[in-house]
Amino acid sequence: ALTERFAPEANVRHYACMLEGLRQTYMALSQRNIPFVVLRGDPVKNVLSLVRRADAAVVDDGYLRT
């Protein structure tokens with residue numbers, strides 16, 4: 001889930017780099033017929049909404065201090 005309020009110091013360049021990485025991940029997964037979802041909004045609400053309908057979910061944790 002993408003949110004504009006995640007990192008106050010993040011700029012367009014940071015988001016462009018992240019989105020390019022997500023695009024590459026999407027392409028790699030789609031070649032294997034693995035669904036990949038990116039939503040905009042509150043991460044907790046979005047993830048909870050998705051996992052209720054999913055067999056499994058893979059998530060990442062932020063390791064940087066924000």
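The sections below set out a description of the structure shown in this document. Please read all numbers here as calculations on a predicted model, not as lab measurements.

**Some details on unusual backbone geometry**
The backbone of Asn33 sits at a positive phi, close to 60°, despite the residue not being glycine. Its location among the elements puts Asn33 in the loop between helix H1 (12–30) and helix H2 (43–51). Looking at Asn33, the relative accessible area reads 72%, which means it is exposed.

**Concerning the layout of surface pockets**
Considering only enclosed or pocket space, the largest pocket measures out at about 1,700 Å³ in volume. For the largest pocket, the lining is made up of 35 residues, of which Ala1, Leu22, Val58, Val59 and Asp60 are closest to its centre. For the lining of the largest pocket, the residue count by class is 26 nonpolar, 5 polar and 4 charged.

**What to know about H1**
Given a rise of 1.5 Å per residue, 19 residues ought to cover 27 Å, and the 26 Å separating the end C-alpha atoms of H1 matches this to within 8%. You can read the cap of H1 off the contacts: a side-chain oxygen lies 2.9 Å from the backbone nitrogen of Arg13, and it is on Asn11.

**Digging into the packing of aromatic side chains**
Going through the model one piece at a time under the given rule, you end up with 1 aromatic pair. Ring centres of Tyr26 and Phe36 lie 6.4 Å apart, and the angle between their planes is 55°; on these two criteria the pair is classed as tilted. With a gap of 10 residues between them, Tyr26 in helix H1 and Phe36 in the loop between H1 and H2 connect regions that are remote in the sequence. Taking the relative accessible area as the measure of exposure, Tyr26 reaches 43% and is therefore partly exposed.

How each quantity is defined
- Residues numbered from 1 in each chain as written.
- Predicted model: local features only at pLDDT ≥ 70, side-chain atom pairs only at ≥ 80, totals over all residues.
- Heavy atoms only, no water.
- Helix = DSSP H or I, 4+ residues; strand = E, 2+ residues; numbered from the N terminus.
- Buried < 20%, exposed > 50% of the residue type's maximum accessible area, 1.4 Å probe, protein only.
- 1 Å grid on protein atoms, 1.4 Å probe; cavity = no way out; pocket = protein on both sides within 12 Å on 5 of 7 lines; lining within 4 Å.
- Points joined across faces, edges and corners; volume = space filled by probe spheres on them.
- Nonpolar A, V, L, I, M, F, W, Y, C, P; charged D, E, K, R; others polar.
- Expected span 1.5 Å × (residues − 1).
- Polar contact = N/O pair within 3.5 Å; in protein donor to acceptor, adjacent residues only side chain to side chain.
- Phe/Tyr/Trp six-rings, centres within 6.5 Å; stacked < 30°, edge-to-face > 60°.

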